[in-house]
Amino acid sequence: MTSPSPVDLLIRNAWIVTMDSGRRILRDGALAIQGNRIHSVGPDEEISPGLAPRETLDGSGFVITPGFVNCHVHITGEPLTRGVVPDNTDWAENVFGWLIPLYMTQTPEDERLSAQFAALEMLRTGTTCFIEAGTILDLGAVADGLAATGIRGRIGQWLQDRAFAPDDDQAALTRSAIDRMVAQADAYPQADDALIAAWPLLVGHNTATDDLWRAATDLARARGLGVSAHMSADRADPDFYLQTAGKRAIAHLAEIDALGPHLSLTHAVHLDQAEVDLLASTGTHVTHCPMTAMKGGYGASSAGLFPEMAAAGVNIQLGTDGNNNGNSGDLMRAMFAMAGLFKDAREDANLFSAYKVLEAATINGAKGAQMEDQIGSLEPGKKADFVLHDRNRPEWVPLFNPVNQLVYSADGRGVHSVWVDGRRVVDTYRSTLIDEDRLLADVQAAGMALMAREGRAIPSEWPVL
């Protein structure tokens, strides 16, 4: 007679949305964890009898999903100034008139605090892995802050090198950027057990020279890393490349061999069909930030070719962007926005079903994070990154189709518990690792101090007494 297999944790009798290759949804499922990996998952009657768990949890009040993967989020600067930027600024005023000055005012301690706060919001709403947007100034402070939260992430220092001022030394700028890029990859290497690792994360748009693009691409390919960059959120990006290189942005990146499965381009709103075809043929990922597009008036619904990208096979993933753009770190809100945006714009209810949107938030994001074999689905051998959604809430009752419920009814406020790498980092709506009350108080104080140093009044169309 075979002895029961020892496992650390067994969760029984839950709805489980596995996101495995068969996309199985288990109505009465069991999930077993051994160490930091999934031991087994399947119908409870098949899984549980063969296990000897150290701890057993009743999952009958929960829906279990893989942890979400947020493929574009600014974790410094904006978390301390959420909602300060008026919602009637265009792209240029938003970025150059507001965001960059506020970023440059923050201190390393601000960045550490901001990163912790961003991680808390993500974890509390079901995101277990993220890719930073490439606007960190003090990487050491940020990595230190993140380590205390238990989140999984890929981070990088602010990387750009294009000389915009007449007296800038272009060669020196490029050397400095490449040196910093290599140094951060050495300091925070990507390894199987590393929750936090450094990638070459370019600011993008028109801020990187071809030499920096090539160096980032070479580094990523040599070390199995990813590259991420903003591109074509506004017509200014394709216009710049047409004027300087004679080609649109994506075509130029293809010409310098920067496209490929290592690369995720964020926004990608203003493309033409030829650019879509290049993304598809090279396996380049696109991160859609629908909340930012709607708030900023980027033109995603009128000009964006996201349905065409999906039809061509481009891997579309989701991001929440910054807290003065998308304004929320809750990826479930971005899921709802993605599901509805093009249905309405194209008057076609077949576009971006709830199933496709959930793929964007899980397995597609895992591909962009270069961790498709590790996270994004609940399968034996994968990392134990998963979320328990509380069914004992109005938005979850009655429950017939958990995928529809996840995308259209629920949001991150229903996330009850979260595990990352086999460790319970959220339990009964609270972080298990950090003092949330103190963190929130510190964030409020730091945000007010940052605004005072910047010397800006906090804008409001209505009187604040």
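Residues numbered from 1 in each chain as written. Predicted model: local features only at pLDDT ≥ 70, side-chain atom pairs only at ≥ 80, totals over all residues. Heavy atoms only, no water.

*Asks:* For this particular structure, what's the right way to read the side chain of Thr266?
*Replies:* With respect to the element layout, Thr266 can be found in strand E12 (residues 263-267). Within the local environment of Thr266, its side chain forms a polar contact with the side chain of His72, the two groups lying 3.0 Å apart. (Helix = DSSP H or I, 4+ residues; strand = E, 2+ residues; numbered from the N terminus. Polar contact = N/O pair within 3.5 Å; in protein donor to acceptor, adjacent residues only side chain to side chain.)

*Asks:* How should the sheet that holds strand E14 (residues 316-318) be read in this particular structure?
*Replies:* Within a sheet, neighbouring strands are paired by backbone hydrogen bonds and run either parallel or antiparallel to one another. Pairing in this open sheet of five strands is parallel, and the strands run E10-E11-E12-E13-E14 from one edge to the other. Edge positions in the sheet fall to strand E10 (201-204) and E14, since each has one partner strand and no second. Pairs of neighbouring strands in the sheet enclose a mean axial angle of 25°, with direction left out of account. In terms of strand pairing, E12 meets strand E13 (residues 285-288) through three bridges, oriented parallel. (Pairing = 2+ DSSP bridges. Axes fitted to C-alpha atoms, helices over the stretch in contact; angles between N-to-C directions.)

*Asks:* How should I be thinking about the sheet that holds strand E6 (residues 68-73) in this particular structure?
*Replies:* Read across the open sheet, the four strands follow the order E6-E7-E8-E9; overall the sheet is parallel. Since the sheet does not close on itself, it has two edges, and those belong to E6 and strand E9 (196-198), each with one partner. Each strand axis lies, on average, 15° off the axis of its neighbour in the sheet, ignoring direction. Summarising the sheet, strand E8 (residues 152-155) and E9 pair through three bridges and their orientation is parallel. Bridge pairing links Ile155 to Ala198 in E9. Across the sheet, helix H3 (residues 108-124) lies against E6 and strand E7 (127-132), angled at about 135° from E7, the strand it touches most. Sheet strands touched by helix H13 (residues 331-346): E6 and E7. Its angle to E6, the strand with the most contacts, is close to 85°. (Contact = heavy atoms within 4.5 Å.)

*Asks:* Help me out: how do you make sense of the packing of aromatic side chains in this one?
*Replies:* Each aromatic ring pair is summarised here by two numbers: the centre-to-centre distance and the angle between the ring planes. All chains considered together, the criterion is met by seven aromatic pairs. Summarising the aromatic geometry, the rings of Tyr103 and Trp158 are spaced 5.7 Å apart at their centres and angled 80° between planes, so their arrangement reads as edge-to-face. With a gap of 55 residues between them, Tyr103 in helix H2 (residues 91-105) and Trp158 in the loop between E8 and helix H5 (170-187) connect regions that are remote in the sequence. Between Phe306 and Phe342 the ring centres are 5.6 Å apart and the planes differ by 45°, which places this aromatic pair in the tilted class. (Phe/Tyr/Trp six-rings, centres within 6.5 Å; stacked < 30°, edge-to-face > 60°.)

*Asks:* Even after reading the chapter, I still don't get the pairing of strand E3 (residues 37-43), so can you show me in this structure?
*Replies:* Side chains on a regular strand alternate between the two faces of the sheet. Where strand E2 (residues 25-34) lies against E3, six bridges are found, and the strand directions are antiparallel. Along E3, the bridge assignment pairs Ala30 with Gly42. Linkage of E2 to E3, two consecutive antiparallel strands, is achieved through a turn of two residues, within which Gly35 is found at a positive phi near 65°.

*Asks:* Would you mind going over the pattern of salt bridges with me for this structure?
*Replies:* When charged atoms on two side chains of opposite charge get close, those side chains can pair. Tallying each qualifying case throughout the model produces 27 salt bridges. Residues Glu436 and Arg124 are paired through a salt bridge, measuring 2.5 Å at the closest nitrogen-oxygen approach. Here the residue Glu436 occupies a position in helix H17 (residues 436-454), and Arg124 occupies one in helix H3, the gap between them amounting to 312 residues. According to the relative accessible area criterion, Glu436 is buried, its value standing at 3%. Between Glu275 and Arg248 there is a salt bridge whose closest N-O contact spans 2.8 Å. One end of the pair, Glu275, is in helix H9 (residues 273-282); the other, Arg248, is in the loop between helix H7 (236-245) and helix H8 (249-255), and 27 residues separate them in sequence. A relative accessible area of 1% places Glu275 in the buried class. Overall, Arg248 belongs to the partly exposed group, its relative accessible area being 22%. Each member of the salt-bridge network shares a partner with another, and the members are Arg124, Arg430, Glu436 and Asp437. (Salt bridge = Lys/Arg side-chain N within 4 Å of Asp/Glu carboxyl O. Buried < 20%, exposed > 50% of the residue type's maximum accessible area, 1.4 Å probe, protein only.)

*Asks:* In this structure, what is going on with the pairing of strand E17 (residues 423-427)? I would like to understand it.
*Replies:* Sheet topology places strand E16 (residues 415-420) next to E17; three bridges connect them, and they run antiparallel. Across the sheet, Val418 pairs through a bridge with Val426, a residue of E17. In textbook terms, the turn of a hairpin is the stretch between consecutive antiparallel strands, and for E16 and E17 this stretch comprises two residues, one of which, Asp421, has a positive phi near 55°. Pairing geometry for E17 and strand E18 (residues 430-431), over two bridges, is antiparallel. In the strand pairing of E18, Val426 is matched with Ser431.

*Asks:* Sorry if this is basic, but what is going on with the nonpolar core here?
*Replies:* One broad rule of soluble globular proteins: the nonpolar side chains tend to lie buried together. Counting residues in each nonpolar core, the largest one holds 83 residues, and the members touching the most others are Leu202, Trp213, Leu265, Phe306, Met309, Leu318 and Met335. Among the elements that take part in this core, H13 stands out by supplying nine residues, more than any other. Sequence-distant contacts of Leu265, defined by excluding residues within four places in its chain, comprise Trp213, Ala229, Met231, Ile250, Leu253, Leu259, Leu279, Thr284, His285, Val286 and Thr287. In terms of nonpolar packing, the next biggest core, distinct from the first, is built from 23 residues, Ile75, Met122, Leu139 and Ala143 among them. (Core = buried A, V, L, I, M, F, W, Y, C linked by side-chain atoms within 4.5 Å.)

*Asks:* In this structure, what is going on with H13? I would like to understand it.
*Replies:* Owing to its 3.6 residues per turn, the α-helix aligns residues three or four sequence positions apart on the same side. Here H13 is 16 residues long and its end C-alpha atoms lie 23 Å apart, about the 22 Å a rise of 1.5 Å per residue gives. Within the span of H13, buried status applies to Leu331, Met332, Ala334, Met335, Ala337, Met338, Ala339, Leu341, Phe342 and Lys343. For H13, the N-terminal cap is Asp330; the gap from its side-chain oxygen to the backbone nitrogen of Met332 is 2.9 Å. (Expected span 1.5 Å × (residues − 1).)

*Asks:* I would appreciate a short explanation of unusual backbone geometry in the present structure.
*Replies:* Residues other than glycine predominantly adopt negative phi, and peptide bonds predominantly adopt the trans conformation. Going from Val397 to Pro398, the amide bond is cis rather than trans, its omega being -10°. Note on placement: Pro398 falls in the loop between strand E15 (386-390) and helix H16 (402-409). Not every positive phi belongs to a glycine, and Asn13 is a case in point at roughly 65°. Considering the arrangement of structural elements, one finds Asn13 in strand E1 (residues 5-17). Phi is positive for Met19, close to 60°, though the residue is something other than glycine.

*Asks:* Looking at this structure, how should I read the packing of H3 against helix H4 (residues 139-147)?
*Replies:* Where H3 contacts H4, the two axes come as close as 8 Å, and the packing angle between them is 35°. Note that H3 runs across H4; the crossing there is right-handed. Of the residues in H4, those in contact with Pro108, Glu111, Arg112, Ala115, Gln116 and Ala119 of H3 are Ala141, Val142, Asp144, Gly145 and Leu146. Taken together, the residues of the contact of H3 with H4 break down into six nonpolar, two polar and three charged. (Left-handed = near helix turned anticlockwise from the far one by under 90°. Nonpolar A, V, L, I, M, F, W, Y, C, P; charged D, E, K, R; others polar.)

*Asks:* In this structure, what is going on with the side chain of Glu359? I would like to understand it.
*Replies:* With respect to the helices, strands and loops of the structure, Glu359 is situated in helix H14 (residues 354-361). At 3.0 Å, the side chain of Glu359 and the side chain of Arg23 are in polar contact. Apart from the residues lying within four places of it in its own chain, the contact partners of Glu359 are Met19, Arg23, Asn364 and Gly365.

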